[in-house]
Amino acid sequence: MKPLDTEHWQYYFTKPVSTGIFKFQADDFQVVEDLGYEPCGEGEHQFVFIEKTNTNTAYVAEQLARFVNLPLRQVTYAGRKDKYAVTQQWFGIHAPGKADFDFSGFELEGVRVLKQTRHNKKLRTGQLKGNHFTITLRQVLHPEAIEARLKEIAQHGVPNYYGEQRFGVMRLNEMGEVQRGGNLVMAERMVNGETIRHRNKRSMALSALRSWLFNEMLSTRLAQGQFDKVLEGDALVLSGSNSYFVHQGASSHEQTQQRYNDKDVCPSAPLWGKGNLATSHAALKMEEEVAHQHAQVVDFLSQCGFEQERRAIKIWPSQLEWLVKGDTFTVSFALPSGCFATSVLRECVETLSPINRV
């Protein structure tokens, strides 16, 4: 099997001319989770709002479970947040019949408990509205080009690529070349027959593999000039939901295209699993061609227990603002759940890392 490369994925606009140092320090990348609702203040689920710095979400959950002396399965979170950042997010602790935990003695480097309340429902993975990002780039060259690109993004959006962190840490080798992420390397080994017994590593590798194939589908559509066109047979995701319908019939094509232009619907690409693709006609043909090119990946994912799912191919950042001070550029925006800030940055600036993380 060929290596699972990521460098060839197409840009929506032209490749950016600007460069800037990304994540020079932890607070250069700030994330605040938005559940989309306020915990009700009562119930058997204790919600804790935590700020963490350069700390892994799963590790914080483990330490919370140890502190309250409960099984790890009773500590949940809506989504993993970047490790190399300052992030704020909710954790849920299912503790029926127990009084409010006292977190005044909870000591973990880089972690602060900001708020504590209760809710009547479990905090489940993926059940959040989105995240708000504040990103600082340093030693920026051509900041005016970033501003111009952000204005285009505000109007036209960006490809909804899975970001680099999904594929694992990438580093520069002695030759100055980017080495591929560890999760993708593990995924290759699994496709080639190796068994990875560590549950978390296996899960991350499978997620990376599925995400990689989605990005391949998206990039192909860009390369063929079909990204901003509704195709016959497209599975169109309704804005603000995971629901979709299949576009069929030339009679409604102009109207449907206008709905896409108005951000009401968006074409999707598959998150691969067992079963048939949801698309038909021209959209199905395109997806089948990509699947045929990566038959080993497709066959492996079909056997891993995943069901066919869909993901929109474009996102439009909201609350988009920026500030330039000398060679420092700060940008902030909000994205829906599951979308990557680095996919917005990718269209604006070539990010450089002082610590060999890409």
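The structure under discussion appears in the preceding block.
Residues numbered from 1 in each chain as written. Predicted model: local features only at pLDDT ≥ 70, side-chain atom pairs only at ≥ 80, totals over all residues. Heavy atoms only, no water.

Asks: Please give an account of the overall build of the protein chain that cites residues and values.
Replies: The secondary structure content of the protein chain amounts to eight helices and 16 strands. For 358 residues, the compact-globule estimate of 2.2 N^0.38 gives 21 Å, and the protein chain sits close to it at 21 Å. With the principal axes as the frame, the protein chain shows a C-alpha extent of 60 × 50 × 45 Å. Here the protein chain holds 358 residues, and 49% of them are scored as buried. Within the protein chain, residue pairs in contact and separated by at least 24 positions form 78% of the contacts whose partners lie at least 6 positions apart. Side chains of the protein chain give 41 positive and 41 negative charges; the mean places of these two sets differ by 5 Å. (Helix = DSSP H or I, 4+ residues; strand = E, 2+ residues; numbered from the N terminus. Rg over C-alpha atoms; globule rule 2.2 N^0.38 Å. Buried < 20%, exposed > 50% of the residue type's maximum accessible area, 1.4 Å probe, protein only. Contact = heavy atoms within 4.5 Å. Lys, Arg positive; Asp, Glu negative; His and termini not counted. Charge placed at Lys NZ, Arg CZ, Asp CG, Glu CD.)

Asks: Tell me about the pattern of salt bridges, and please be specific about residues and values.
Replies: On inspection of all chains with the given rule, the structure shows 14 salt bridges. When the shortest N-O distance is used, the salt bridge between K23 and D82 registers 4.0 Å. Of this pair, K23 sits in the loop between β1 (19–22) and β2 (29–34) while D82 sits in the loop between β4 (75–77) and β5 (86–94), and the two are 59 residues apart along the sequence. Neither residue differs from the other here; K23 and D82 are each classed as buried. A salt bridge links K81 to E33; the shortest N-O distance between them is 2.8 Å. Residue K81 is located in the loop between β4 and β5, and its partner E33 is located in strand β2; the two are separated by 48 residues in the primary sequence. An identical accessibility class is assigned to K81 and E33; each is buried. (Salt bridge = Lys/Arg side-chain N within 4 Å of Asp/Glu carboxyl O.)

Asks: Mind laying out unusual backbone geometry, listing which residues take part and the relevant values?
Replies: The backbone phi angle of N69 is positive, close to 60 degrees, even though this residue is not glycine. A relative accessible area of 68% places N69 in the exposed class. Residue Q319 is not a glycine yet carries a positive backbone phi of 55 degrees. With respect to the helices and strands, Q319 occurs in strand β14 (residues 318–325).

Asks: I'd love a proper account of the side chain of T57, names of residues and values included.
Replies: Tracing the backbone through its elements, the reader meets T57 in helix α1 (residues 57–68). A distance of 2.9 Å separates the side chain of T57 from the backbone nitrogen of K81, its partner in a polar contact. In contact with T57, not counting residues within four places along its chain, are K52, Y77, G79, R80, K81, Q89 and F91. (Polar contact = N/O pair within 3.5 Å; in protein donor to acceptor, adjacent residues only side chain to side chain.)

Asks: Outline helix α3 (residues 182–191), listing residues and values.
Replies: Of all 10 residues that make up α3, seven are buried, and the element is covered over most of its length. Within the span of α3, buried status applies to N183, L184, M186, A187, E188, M190 and V191. In this fold, the buried residues of α3 make contact with α4 (199–223) and α7 (295–302).

Asks: Describe the environment of G338, naming the residues involved and giving the relevant values.
Replies: Tracing the sequence through the fold places G338 in the loop between β15 (328–336) and α8 (341–346). Exposure remark for G338: the relative accessible area of 39% places this residue in the partly exposed category. In this structure, the C-alpha to C-alpha distance between G338 and N160, residues 178 residues apart in sequence, is 9.5 Å.

Asks: Can you lay out the sheet that holds strand β12 (residues 309–312) for me, pointing to particular residues and giving the numbers?
Replies: Taking strand neighbours across the sheet as the criterion, the four strands line up as β10-β9-β11-β12 in an open arrangement whose pairing is antiparallel. The open sheet has two edge strands, β10 (244–246) and β12, and neither has a second partner. The mean angle between the axes of side-by-side strands here comes to 45 degrees, regardless of whether they run parallel or antiparallel. Of the strand pairs in this sheet, strand β9 (residues 235–238) and β10 are connected by three bridges, and their pairing is antiparallel. Along β10, the bridge assignment pairs A235 with V246. (Pairing = 2+ DSSP bridges. Axes fitted to C-alpha atoms, helices over the stretch in contact; angles between N-to-C directions.)

Asks: Tell me about α1, and name the residues and values.
Replies: Over its 12 residues, α1 extends 17 Å from the first C-alpha to the last, a length consistent with the 16 Å expected when each residue adds 1.5 Å. Of all the positions in α1, only T57, A58, V60, A61, Q63, L64, A65 and V68 are classed as buried. With a side-chain oxygen lying 2.8 Å from the backbone nitrogen of A58, the N-terminal cap of α1 falls on N56. (Expected span 1.5 Å × (residues − 1).)

Asks: Break down the packing of aromatic side chains for me, with residues and values.
Replies: Following the criterion strictly, the structure yields 17 aromatic pairs and no others. With 5.8 Å between their ring centres and 25 degrees between their planes, F67 and F103 make a pair best called stacked. Taken together, the positions of F67 in helix α1 and F103 in the loop between β5 and β6 (111–119) put the pair 36 residues apart, joining distant regions of the chain. You can call F103 buried: its relative accessible area is 7%. (Phe/Tyr/Trp six-rings, centres within 6.5 Å; stacked < 30°, edge-to-face > 60°.)

Asks: Explain the environment of L236 to me, using residue names and the numbers behind them.
Replies: In this fold, L236 is placed in strand β9. A relative accessible area of 0% places L236 in the buried class. Sequence separation of L236 and T256 is 20 residues, and the distance between their C-alpha atoms is 9.4 Å. Beyond its immediate sequence surroundings of up to four residues, L236 is in contact with V230, S243, Y244, F245, H247, T256, V265, C266 and P267.

Asks: Before we move on, can you summarise the packing of α4 against helix α6 (residues 281–293) with the specific residues and values?
Replies: Packing of α4 against α6 leaves a shortest axis separation of 10 Å and a crossing angle of 125 degrees. By the angle class used here, α4 and α6 are oblique. Taken as a pair, α4 and α6 cross one another with a handedness that is right-handed. Contacts between α4 and α6 involve E216, M217, T220 and R221 on the former and, on the latter, M286, E287, V290 and A291. Residue composition of the contact of α4 with α6, grouped by class: four nonpolar, one polar and three charged. (Parallel < 35°, antiparallel > 145°, perpendicular 65-115°, else oblique. Left-handed = near helix turned anticlockwise from the far one by under 90°. Nonpolar A, V, L, I, M, F, W, Y, C, P; charged D, E, K, R; others polar.)

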